Amino acid sequence: MIRGILAVSVLLLLPQSMHAACGVDRWPVKVAADADAPLVNRSVMPASIETLRGIPAPRPLPQDRRIAPMETTIYSVTATITGYRLAPDSSIHLILADERGRTMVAQIPAEPCTAGSRFSTEISEARRRFESRFYATPDYKQIRQAVEVRGIGFFDFLQSQRGLAPNGLSLYPVIDLDFTPPSKPKPPPKESSRHRAVRIPGSCVRPTLTITASKNSACSGESTTISWQSSNPNASVSIDGIGAFLPASGSQVASLTASRAYSGRASTTTCGLGDEAVAVVTLKSNATASLFGPGSVKQGSSGTINFTIDGATSWTLTSALGNSISPSSGTITRSARYEATKTGTDTITLTATGGACGAVSRSATIIITAPANLGLACCDGTRSPSCFNCNDKRGCCSSHGGVCGCPSILGEDLEIP
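Residues numbered from 1 in each chain as written. Predicted model: local features only at pLDDT ≥ 70, side-chain atom pairs only at ≥ 80, totals over all residues. Heavy atoms only, no water.

## Looking at the overall build of the protein chain
The condition is simple: Secondary structure elements are taken from DSSP: a helix is a run of H or I of four residues or more, a strand is a run of E of two residues or more, and numbering for both begins at the N terminus. Only protein chains enter the accessibility calculation, which uses a 1.4 Å probe; a residue whose area is less than 20% of its type maximum is buried, one above 50% is exposed, and one in between is partly exposed. Contacts between residues were defined by any pair of non-hydrogen atoms, one from each residue, lying within 4.5 Å. Per-residue and other accessible areas were derived by the Shrake-Rupley procedure at a 1.4 Å probe size, with only the shown protein chains allowed to occlude residues.
Within the protein chain one finds 4 helices and 24 strands. Going through the 417 residues of the protein chain one by one, you find that 41% of them count as buried. Relative to all contacts within the protein chain whose residues are 6 or more apart in sequence, the contacts with residues 24 or more apart total 64%. Here the protein chain displays about 21400 Å² of accessible surface, and carbon together with sulfur accounts for 53% of that area.

## Topic: the nonpolar core
Rules: Definition used in this section: a nonpolar core is a set of buried Ala, Val, Leu, Ile, Met, Phe, Trp, Tyr and Cys residues joined via side-chain atoms within 4.5 Å.
Core analysis: the largest hydrophobic core is formed by 44 residues, its most contacted members being L52, L94, L96, I108, F130, L171 and L177. Counting only elements with at least two residues in this core, the list comes to α3 (49-53), β2 (73-86), β3 (92-97), β4 (103-108), α4 (120-131), β5 (141-155) and β6 (169-178). In contact with L94, not counting residues within four places along its chain, are I81, G83, Y84, M104, V105, A106, I108, F130 and L177.

## Points about unusual backbone geometry
Cis geometry is found at the peptide bond from Y172 to P173, where omega equals 5°. Mapped onto the fold, P173 is located in strand β6. Following S326, the chain continues to P327 via a peptide bond in cis, the omega torsion being -5°. Checked against the element boundaries, P327 lands in the loop between β20 (324-326) and β21 (329-330). A positive phi is found at S160, a non-glycine position, where the angle reads about 60°. Position of S160 relative to the elements: it lies in the loop between β5 and β6. Even without glycine at this site, F245 takes up a positive phi of about 55°. Mapped onto the fold, F245 is located in strand β11 (residues 243-246). Given the relative accessible area of 75%, F245 is considered exposed.

## Focus on the state of the cysteines
Selection criterion: Cysteine sulfur pairs qualify as disulfides if the two atoms are within 2.5 Å.
Applying the stated criterion across every chain, the model contains 7 disulfides. Put simply, C390 and C406 are joined by a disulfide, and their sulfur atoms are 2.1 Å apart. Across the disulfide from C390 to C406, rotation about the S-S bond amounts to roughly -90°, and the bridge is consequently left-handed. On the criterion of sequence distance, the pair formed by C390 in the segment after β24 (360-369) and C406 in the segment after β24 is long-range, its members being 16 residues apart.

## So, the packing of aromatic side chains
Test applied: Here a pair means two rings of Phe, Tyr or Trp (six-membered ring of Trp) with centres within 6.5 Å. Their orientation is stacked below 30 degrees between planes, edge-to-face above 60, and tilted elsewhere.
Inspection of the entire model under this criterion finds 7 aromatic pairs. Centroid distance Y84 to F134: 5.5 Å. Interplanar angle 50°. Geometry classified as tilted. Residue Y84 is located in strand β2, and its partner F134 is located in the loop between α4 and β5; the two are separated by 50 residues in the primary sequence. By relative accessible area, which is 15% here, F134 ends up buried. Where F134 meets F179, the ring centres are 5.9 Å apart and the plane angle is 65°; that geometry is what we call edge-to-face.

## Quick look at the sheet that holds strand β12 (residues 249-255)
Short version of the rule: DSSP bridges decide pairing: two strands pair if at least two such bridges lie between them. Axis lines are fitted to C-alpha atoms, over the contacting stretch for helices. Their N-to-C directions set the angle, which ranges from 0 to 180 degrees.
The strand order across the open sheet formed by 3 strands is β7-β9-β12, and the pairing between neighbours is antiparallel. In the strand order of this sheet, the two ends are held by β7 (209-213) and β12, each with one partner. When strand polarity is set aside, the average angle formed by the axes of neighbouring strands in this sheet is 20°. Sheet topology note: the strand β9 (residues 223-230)/β12 ladder contains 7 bridges and is antiparallel.

## Some details on the pairing of β3
Of all 6 residues that make up β3, 6 are buried, and the element is covered over most of its length. Alternating positions in β3 separate into two faces, I92, L94 and L96 on one and H93, I95 and A97 on the other, with burial throughout. As judged from the 6 bridges shared by β2 and β3, these two strands associate in the antiparallel manner. Pairing of I81 across the sheet is with L96, part of β3. Sheet analysis places β3 next to β4, joined by 6 bridges and oriented antiparallel. Within the sheet, the bridge partner assigned to L96 lies in β4 and is M104.

## A word on the sheet that holds strand β18 (residues 302-310)
What the 4 strands build is an open sheet, ordered β16-β18-β22-β20; its pairing is antiparallel. Looking along the sheet, the strands with just one partner apiece sit at the ends: β16 (288-292) and β20. Strand-to-strand twist of the sheet, defined as the mean angle between neighbouring strand axes without regard to direction, takes the value 25°. As judged from the 5 bridges shared by β16 and β18, these two strands associate in the antiparallel manner. Bridge pairing links S290 to T308 in β18.

Here it is, written out as structure tokens:
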């Protein structure tokens, strides 16, 4: 019984990142695993919180692409951490403040959520440095810790995140932390670390909005239905990619050509804008394949066909001339033996199936040439192993459709392939 209690205690003390629940909206960009991550300049640009808060907020925000130059820049901000918590996406959420109490957010993703990140090593080290000093829980903890934070610029959706800059610009992911910065920042007023709710005069309540998609993942060209509902039936709704001045509730069919985040807000003339709502629809990966043949092969010999498939579960190889390929189908093999028994121009076709978005085909051409001094040409494309003279062709190619490489009865010379 005592051993069981000890085992439970150890489990409870494991780092939160061991049980990471990762995010969804703009997540590839948040962890630098997107296609534009190689565009991030590794040179570091010092910046103040005031400057970063003053950059206009762009819209719409793409799900898996970057907005240059802010999201391709690594910023260095020297400030005071006034609060931190473990966010629902397992990131450590830091509130940074300057001497006047202006704030912005920096976030350190959990290691299990950074697969494919260009900066995975740096993110893990930054997380380790923070967790060696502080232990984050879902509840905010107030501190006053000087720090220099280096992170990639990232525009977040405005959803009343504590400390978030008014334009949504944050440092995400954090790739370096220095708790003893060379230039110590001036601390903010003590009251700046408190979270104050924004009160609207009277009994006004800002409208909330919910956006959903009938399909959260689809192939290119497929449709998904975007539906929305505001808490205020008199609100006006605006959704990126759908339209502005929409009714308080409704739906619209959208054709998907890329992963995207449908973000929107509801507003009323008396209470203003509500928080952003987001529905993410990701584009399923198409199966991919490549095929490489030997180019040319002598009749009677063999060659190797090499190929690759990704995002599919099975494959087949076929020869237009009917030449033998072994194996001609499978799930894992990445090469096959090609037997050149028939001459001519052969087309080899690779078909990969079982992918999320259908089959994909690739083709390659192989020229099969006849060796010198080979026997008479048979009508099925093969050569006789024993007959070499048209004057003595009796019985030649008897099981291969007869001889087709000798002069015809009318005296017309047939070209020997």
